[in-house]
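Residue-level listing of the chains:
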Amino acid sequence: MNWHSRRDMKVQRLEGASAFVDHKQIRTQSISQALEALMRPGDRVIIEGDNQKQASFLAKALTGVDPAKVNGVTMMIPSVSRDEHLDVFDKGIASEINFAYAGVQSVRLAQMLADNKLKIGAIHTYLELYSRLFVDLVPDICLVAAEKADPDGNLFTGYSTEDTPTLVEAAAFHQAVVVVQANEIVERGQLPRVDIPGDWVDLIVLADEPYQMEALFTRDPMKIRDQHILMGMMTIKGIYAKHQVMSLNHGIGYNGAAIELLLPTYGEELGLKGKIAKHWVLNPHPTMIPAMERGWVETMFAFGGEKGMERYTAARTDIFPTGPDGTLRSNRAFAQIAGLYGIDLFLGATLQMDYLGNSSTVTAGRLTGFGGAPNMGHDTRGRRHSSPAYLDMMPRPGKSLIPGKKLVVQMLASQGRFGHNFVPELDAVKIGKEAGFDAPPVMIYGEDVTHIVTEQGIAYLYQADSPDERTQLIGAVAQGTPVGEYADKALVEKLRKTGKIALPEDLGIDPATATHDRLAARSLEELVEWSGGLYDIPDKFKK
């Protein structure tokens, strides 16, 4: 028996591409030919489609291989963000996709699935997909991006390291071929720091343009609505202060941005600085600048960078993990682990929620995926350290030795652009059946949700004694919608008295005061002022 067949195959692959390579460097104009020589039918390919950073040059090159020679490929893409990620299916190069998030490609992905142009292996969380790269989705080819490389393949991934180390390690130590596009190739000894050693990397190529990088977490304060501010005020007082939340993550969205900009104003009115929200697992959100400048934040570990925040993070090394070169060191896999075990609370939004609190971003005609939300938005029974917030979530433990639970907060207006946001059954249930999934693609299970915040109030689901009462709590803060019929006025009043729901007036909040002037910054330009000129507004947001 050959116990090193993968190593032998790697040697064959590299020999086949040698005509296009000088030392470790593929000639830029020959990249598609080199990939075609490296690949085999049925290969598993992991390509760096991250939340923000994209191996865009390699994604384009992959569409140029001959489908008569390379076909039946299984693509593993953390974030399906570019046309080329799906073009390989239209061209007959790839047949199956495993991913975590789709975003701007979600509608096209749904249509291609309906047209039988691709098969979905599974919709994962980020951490779940990374884990499977070491187990049963071991890659044959790994395509990633770096800021700089030297001739020996040492890499500087820099400010937006994101997924790169995890993907490369999964590939390199399973005898896969690792190909890296670099924005710049420098002389030996000229890298600012070595983020990935050269003996993990087989081939490098100078990209014809810098890799794509999105300002994914930038939210313009001008677009924050009064409803977001009201929900943010309720969250700060009725959840963060009530439970003494010290460590947390916010998902993408204006609800989270509103909370971040309310901490230095409303939060300080309540005397909460130093008592809540000190430790964050979070990309460097620009809307966090006022809170950081006011001394709210002690630490912030980042999944990735954010365009425009490069100089700010370099100047705040006590808060952000920073290399000796002065550049942020992000790591999405480690941040996902920190979000799983190291935080008290996850706060996120969703597109749809059923009457038991199950939620999903997979809706009719749109396969958005989940990203990291299911990972951070669930209670792990592996946690063994405690905190006041964690212990608060088990008000009636009975004979159980489980001491607490993570706080999972879902923010969702009772009505949205497409009608009621609370529905009897998630679209994901039907979509999962039609796609042949073994289980419906639910993002966060209702059993894990501890709080729901609507514009009407907070439902403290962790206090529900049964699934039926969970539905009643949801209905109590979604009056005027079908789920609201499960909680009449008398029941709403009873739930208020028992503290299982809280309306704005129960928290001493006048909705009329939830206005834009509550925010610490009301525009991106004001965030620049807060930063002392260190924040650079990304071009796409400049007026």
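Each value, and the rule that gives it
Residues numbered from 1 in each chain as written. Predicted model: local features only at pLDDT ≥ 70, side-chain atom pairs only at ≥ 80, totals over all residues. Heavy atoms only, no water. 1 Å grid on protein atoms, 1.4 Å probe; cavity = no way out; pocket = protein on both sides within 12 Å on 5 of 7 lines; lining within 4 Å. Points joined across faces, edges and corners; volume = space filled by probe spheres on them. Nonpolar A, V, L, I, M, F, W, Y, C, P; charged D, E, K, R; others polar. Pairing = 2+ DSSP bridges. Helix = DSSP H or I, 4+ residues; strand = E, 2+ residues; numbered from the N terminus. Salt bridge = Lys/Arg side-chain N within 4 Å of Asp/Glu carboxyl O. Buried < 20%, exposed > 50% of the residue type's maximum accessible area, 1.4 Å probe, protein only.

Asks: For this particular structure, what's the right way to read empty space enclosed by the protein?
Replies: Rolled over the atoms, a probe with the dimensions of a water molecule shows which regions are left empty. Throughout the structure, instances matching the rule amount to one cavity of 30 Å³ or more. Taken as a whole, the largest cavity encloses approximately 50 Å³ of empty space. If you go around the largest cavity, the residues you meet are Phe217, Arg219, Gly251, Ile252, Gly253, Gly256, Ala257, Glu260, His285 and Thr287. Looking at the lining of the largest cavity, its residues break down into three nonpolar, five polar and two charged.

Asks: Is there a simple way to think about the sheet that holds strand β24 (residues 422-423) in this case?
Replies: Pairing between sheet strands relies on hydrogen bonds along the backbone, with the strands arranged either parallel or antiparallel. The sheet built from three strands is open, its strands ordered β18-β17-β24 with mixed pairing. The open sheet has two free edges, formed respectively by β18 (359-360) and β24, since each of these has just one partner strand. Inspection of the sheet shows strand β17 (residues 352-354) paired to β18 by two bridges, in the antiparallel sense. Across the sheet, methionine 353 pairs through a bridge with serine 359, a residue of β18.

Asks: Would you mind showing me how to read the layout of surface pockets here?
Replies: Each pocket or cavity is described by its volume, and for the second largest pocket that value is around 410 Å³. As for the second largest pocket, its lining consists of 21 residues, of which Ile123, Phe370, Pro440, Val442 and Tyr445 are closest to the centre. A per-element tally of the lining of the second largest pocket places strand β7 (residues 119-123) first, with four residues.

Asks: Can you walk me through the pattern of salt bridges in this structure?
Replies: Oppositely charged side chains can form a pair if their charged atoms are brought close together. Per the stated rule, a full pass over the model turns up 36 salt bridges. Between aspartate 87 and arginine 108 there is a salt bridge whose closest N-O contact spans 2.8 Å. Of this pair, aspartate 87 sits in helix α4 (residues 83-90) while arginine 108 sits in helix α5 (residues 106-114); the two residues are 21 residues apart in sequence, bridging distant segments of the chain. By relative accessible area, which is 22% here, aspartate 87 ends up partly exposed. A salt bridge links arginine 332 to glutamate 162, with the nearest nitrogen and oxygen atoms 2.3 Å apart. In this pair, arginine 332 sits in helix α12 (residues 332-341) while glutamate 162 sits in the loop between β9 (155-156) and α7 (164-172), placing the two residues 170 residues apart along the sequence.

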